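Here are the chains, one letter per residue:
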Amino acid sequence: MKPISKAISRASCLLSASMFSLYSLAGSFDEHPYELSASFKTPMDTLAGLTDWGQGINYVYAITTIIVGIVFLAVSIPLIYAIRRFRVSDEEFATLPLPKQVHGNVILEFTWTIIPVILLLFIAVPTWQIIFRQPEKHQIPPGSMRIEVIGHQWWWEFRYPSLGITTANELHLPEKTPVYFELSSVDVIHSFWIPQFGGKLDVMPGKGAENYLFLTTPSLQHPEQNGGEYYQGQCAELCGLSHALMRFEAVVHEKAEFERWAAVFHNPPVVQTALEKKGELVFMQCMSCHTISKTPSEDIEKQMLAMDPPVHKAGPNLTDFGSRRMLAAGTRTNTAQNFHDWVDNPPSIKPGSRMVPLGLSKADIEAVAAYLRYSTAKTY
Ligand code: CUA
């Protein structure tokens, strides 16, 4: 038994060492340390199961792991026993008679067919139960919040039809609320994934190809703190050059705080300094792609949408940009330097970016940074 226990402890050491190095790699890649919610150590832990949807998937994982473990033991223990017990030398082997042949034995063949069928049924039934817990579009429980998730190369658009809000790359959610995501894409196939919430779902282009995901948002880990709790999201379907940089953050708020967020969302930008005023003028050049509520860019958007067929702006809505923690779809923190680097040369940060270098002077970038980072910040 001693060598076996040694081997097991060595294997577990090796496993934890490699997990640790993977985690430190993830830590150095992200430029800001993720403030993680409570007991969860990694920002993309798929086993956290913080929603009913995630817990359902973990339940199927657990059943499958237990059954697979039993099969593993049931096969490997007799195998190891037989190897040790019936070991013979080559010379001895040559003298042995042929073992009893079982080919065509009905009872044996029936047994080793029926056992896997039963085991697979034990896995299949809970899997079906969890899959069918996802309601069809017409079965969506009344009172759940509908959020449209639209995938773009390489950023996320979030629309709240009931609140008239469109935002990007930061998905604000009230806690403990049934939410119904309607997933679609304007270009290629993406995949919507907040690992700690549970499994991913494809985001497909084309009319009628929408996918639906229903879940109840998690409760707050630290209800005494303000400002919401952040969870990392990531596109999980190879969708082009910057697929790996197509990230977002889900922010779970206390219900009253979410309502305050929604209430101030459309407040017009507060332009205070001369620099912000100059930035407001520079932003005129950005209006064919970006919208900020209660500014002329909103009128341009209305005109574009009134065209036949309607034309959607190519870039993210920036109404609440000043309040966002990250920029460039969750790849950089929203600092003045990162803003400058992004606007100066977007493809240097996100290869293949649809936003091209605009040739703005350093002074113009500084001004538009002041306007976007301060004037559009909302207090809630
Ligand atoms: Cu979008 Cu990968």
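Below or above, wherever it landed, is the structure these notes cover. (Residues numbered from 1 in each chain as written. Predicted model: local features only at pLDDT ≥ 70, side-chain atom pairs only at ≥ 80, totals over all residues. Heavy atoms only, no water.)

## Here we look at the sheet that holds strand β5 (residues 178-185)
The strand order across the open sheet built from five strands is β3-β2-β1-β5-β8, with neighbouring strands paired in mixed fashion. Across the chains shown, the open sheet's two edge strands, defined by having one partner strand only, are β3 (165-168) and β8 (211-216). Here the average twist between neighbouring strands, direction ignored, is 25°. The pairing of strand β1 (residues 145-152) with strand β2 (residues 155-160) spans five bridges and is antiparallel. (Pairing = 2+ DSSP bridges. Helix = DSSP H or I, 4+ residues; strand = E, 2+ residues; numbered from the N terminus. Axes fitted to C-alpha atoms, helices over the stretch in contact; angles between N-to-C directions.)

## What to know about the environment of tryptophan 193
Tracing the sequence through the fold places tryptophan 193 in the loop between β6 (190-192) and β7 (201-203). Using a relative accessible area of 16% as the deciding quantity, one classes tryptophan 193 as buried. For the pair tryptophan 193 and glutamine 232, spaced 39 residues apart in sequence, the C-alpha separation works out to 8.8 Å. Other than its neighbours up to four places away in sequence, tryptophan 193 contacts Thr46, Gly198, Gly199, Lys200, Gln232, Gly233, Gln234, Ala236 and Phe248. (Buried < 20%, exposed > 50% of the residue type's maximum accessible area, 1.4 Å probe, protein only. Contact = heavy atoms within 4.5 Å.)

## Structural notes on the nonpolar core
Burial of nonpolar side chains together is a common tendency in soluble globular proteins. Judged by nonpolar contacts, the single largest core of 35 residues is most densely connected at Trp156, Tyr160, Leu171, Phe181 and Phe192. Secondary structure elements with two or more residues in this core: β1, β2, β4 (170-174), β5, β7, β8, β10 (247-253) and α5 (255-264). Residues in contact with phenylalanine 192, not counting those within four places in the same chain, are Val149, Trp156, Phe158, Leu171, Phe181, Leu183, Gly199, Lys200, Leu201, Val203, Leu213 and Phe248. Counting 19 residues, the second-largest nonpolar core is a separate cluster that includes Phe283, Leu318, Val343 and Val368. (Core = buried A, V, L, I, M, F, W, Y, C linked by side-chain atoms within 4.5 Å.)

## Considering the packing of aromatic side chains
For the coordinates displayed, the defined rule picks out 13 aromatic pairs. Between phenylalanine 192 and phenylalanine 248 the ring centres are 5.4 Å apart and the planes differ by 10°, which places this aromatic pair in the stacked class. Of this pair, phenylalanine 192 sits in strand β6 while phenylalanine 248 sits in strand β10, placing them 56 residues apart in sequence. Here phenylalanine 192 and phenylalanine 248 have matching classes, each one buried. Here the aromatic residues Trp156, Phe158, Phe181, Phe192 and Phe248 are joined through ring pairs into a cluster of three or more. Lysine 200 extends its terminal NZ or CZ atom over the ring of tryptophan 193, reaching a point 4.2 Å from the ring centre. When the ring centre of tyrosine 230 is taken as origin, the NZ or CZ atom of arginine 325, which lies over that ring, is 3.8 Å away. (Phe/Tyr/Trp six-rings, centres within 6.5 Å; stacked < 30°, edge-to-face > 60°. Lys NZ or Arg CZ within 6 Å of the ring centre and 35° of its normal.)

## Details of a nonpolar patch on the surface
On the surface, a nonpolar cluster with roughly 1100 Å² of combined accessible area is contributed by Phe110, Ile114, Ile115, Val117, Ile118, Leu121, Phe122, Val125, Trp128, Ile131 and Phe132. Mapped onto the secondary structure, valine 125 falls in helix α4 (residues 106-133). Exposure remark for valine 125: the relative accessible area of 39% places this residue in the partly exposed category. (Patch = residues over 30% accessible without salt bridge, like charges linked within 9 Å, V, L, I, M, F, W, Y side chains within 5 Å. Areas by Shrake-Rupley, 256 points an atom, 1.4 Å probe, with all protein chains shown as cover. Salt bridge = Lys/Arg side-chain N within 4 Å of Asp/Glu carboxyl O.)

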